[in-house]
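Next come the chains, spelled out residue by residue.
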Amino acid sequence: EQFPEAKVIACVRNVAWVMDSLERRFRANPYEITRLFGDGVERNTVYSRVETLGQRNRLVGYPWTALKEAFYGEYASRLLIIDYDLLAQAPQKVMPLLYSFIDEPLFDHDFEAVSYEAQQFDAALGVHGLHTVRSKVELQKRRTVLPPDL
């Protein structure tokens, strides 16, 4: 009602890779007191960390269920879902679709010189580097740090 013409753009990624990225951040800062976990039990093992983050009211579970609600809801036509892997592999092809969706003229981006950090937010959360973006937009192949059953 407040913003009847609003549109939402959601960049999505396989949930296992989201968990992998978070696990990498946790392992990079093992002594940091993070607000992602409420007690020692939640942070004890990779299994408890993934299970905790995937709960409906946590960092991964909440946005995942909210996205599904939006996707199947009455305003789904106002939602654009962009696959992270496609964006990372071919940003020059994906961005025109985004601009078309929001009815704005295409802006020329430099995908070799992107920068973003949210140091204060990350520090408050206790996960340094969580929102640090590499300068070049590209898909980086890597092996997961998660056990195969996760």
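For the structure, see preceding data.
Procedures and definitions
- Residues numbered from 1 in each chain as written.
- Predicted model: local features only at pLDDT ≥ 70, side-chain atom pairs only at ≥ 80, totals over all residues.
- Heavy atoms only, no water.
- Phe/Tyr/Trp six-rings, centres within 6.5 Å; stacked < 30°, edge-to-face > 60°.
- Helix = DSSP H or I, 4+ residues; strand = E, 2+ residues; numbered from the N terminus.
- Buried < 20%, exposed > 50% of the residue type's maximum accessible area, 1.4 Å probe, protein only.
- Lys NZ or Arg CZ within 6 Å of the ring centre and 35° of its normal.
- Salt bridge = Lys/Arg side-chain N within 4 Å of Asp/Glu carboxyl O.
- Patch = residues over 30% accessible without salt bridge, like charges linked within 9 Å, V, L, I, M, F, W, Y side chains within 5 Å.
- Areas by Shrake-Rupley, 256 points an atom, 1.4 Å probe, with all protein chains shown as cover.
- Axes fitted to C-alpha atoms, helices over the stretch in contact; angles between N-to-C directions.
- Parallel < 35°, antiparallel > 145°, perpendicular 65-115°, else oblique.
- Left-handed = near helix turned anticlockwise from the far one by under 90°.
- Contact = heavy atoms within 4.5 Å.
- Polar contact = N/O pair within 3.5 Å; in protein donor to acceptor, adjacent residues only side chain to side chain.
- Expected span 1.5 Å × (residues − 1).
- Core = buried A, V, L, I, M, F, W, Y, C linked by side-chain atoms within 4.5 Å.

Asks: Would you mind going over the packing of aromatic side chains with me for this structure?
Replies: Pairs of aromatic rings are described using the distance from one ring centre to the other and the angle between the two planes. As enumerated under the stated definition, the model contains two aromatic pairs in all. Aromatic pair Phe26 and Phe37: ring centres 5.8 Å apart, planes at 90°, arrangement edge-to-face. Of the two residues, Phe26 is situated in helix H1 (residues 15–28) and Phe37 in the loop between H1 and helix H2 (40–43); the sequence distance between them amounts to 11 residues. Looking at Phe37, the relative accessible area reads 9%, which means it is buried. Plain terms: the ring middles of Phe71 and Tyr72 are 5.0 Å apart, the flat faces sit at 90° to each other, and that makes the pair edge-to-face. One Lys or Arg, Lys7, reaches over the ring of Phe101 and ends 5.0 Å from the middle of that ring. Above the plane of the ring of Trp64 lies Lys68, whose end atom (NZ or CZ) is 5.0 Å from the centre.

Asks: What is the right way to look at the pattern of salt bridges in this model?
Replies: Two side chains bearing opposite charge may form a pair once their charged atoms approach each other closely. Applying the stated criterion across every chain, the model contains eight salt bridges. Across the pair Glu42 and Arg58 runs a salt bridge whose closest N-O atoms are separated by 2.9 Å. Note that Glu42 is positioned in helix H2 and Arg58 in the loop between helix H3 (46–53) and helix H4 (61–72), a separation of 16 residues in sequence. What makes Glu42 buried here is its relative accessible area of 18%. Between Lys136 and Glu138 there is a salt bridge, with its nearest N and O atoms 3.8 Å apart.

Asks: When you look at a nonpolar patch on the surface in this model, what are you seeing that I'm missing?
Replies: A cluster of nonpolar side chains, namely Phe71, Tyr72 and Ile81, defines an oily patch on the protein surface of about 350 Å² accessible area. For Phe71, a relative accessible area of 43% corresponds to the partly exposed category.

Asks: Sorry, what's going on with the packing of H1 against H3 here?
Replies: The angle between the axes and the distance between the axes are what describe a pair of packed helices. One can describe the packing of H1 onto H3 by two numbers: an axis separation of 11 Å at closest approach and a directional angle of 125°. Between H1 and H3, the interaxial angle falls into the category oblique. Two packed elements cross with a definite hand, and for H1 against H3 that hand is right-handed. Between H1 and H3, the contacting residues are Met19, Leu22, Glu23, Phe26 and Arg27 on the first element and Val46, Arg49, Val50 and Leu53 on the second.

Asks: What's the story with unusual backbone geometry in this structure? I'm lost.
Replies: A positive phi angle is found at Asp103, which is not glycine, with a value near 55°. Mapped onto the elements of the fold, Asp103 is located in the loop between helix H6 (91–101) and helix H7 (119–125).

Asks: Please explain the side chain of Glu42 as it appears in this structure.
Replies: Polar side-chain contacts of Glu42 include one of 2.9 Å to the side chain of Arg58. Residues within four places of Glu42 in sequence aside, it is in contact with Phe37, Ser48, Arg49, Thr52 and Arg58.

Asks: Which parts of the structure should I look at to understand H1?
Replies: Because each turn of an α-helix spans 3.6 residues, side chains separated by three or four positions in sequence point in the same direction. For H1, with 14 residues, the first-to-last C-alpha span of 20 Å sits near the 20 Å given by 1.5 Å per residue. Among the residues of H1, those classed as buried are Met19, Asp20, Leu22, Glu23 and Phe26. The secondary structure elements touched by the buried residues of H1 are H2 and H3. For H1, the N-terminal cap is Asn14; the gap from its side-chain oxygen to the backbone nitrogen of Ala16 is 2.7 Å.

Asks: Mind showing me how you'd approach the nonpolar core here?
Replies: Generally speaking, nonpolar side chains in soluble globular proteins are found buried as a group. One finds Met19, Leu22, Phe26, Leu36, Phe37, Val46, Val50, Leu53, Val60, Leu125, Val127 and Leu146 forming the largest nonpolar core, which totals 12 residues. If you list the elements that add at least two residues to this core, you get H1 and H3. Ignoring anything within four residues of it in the chain, the contact list for Val60 reads Val15, Val18, Met19, Leu22 and Leu53. Judged by nonpolar contacts, the second largest core, of eight residues, contains Leu80, Val94, Met95 and Tyr99.

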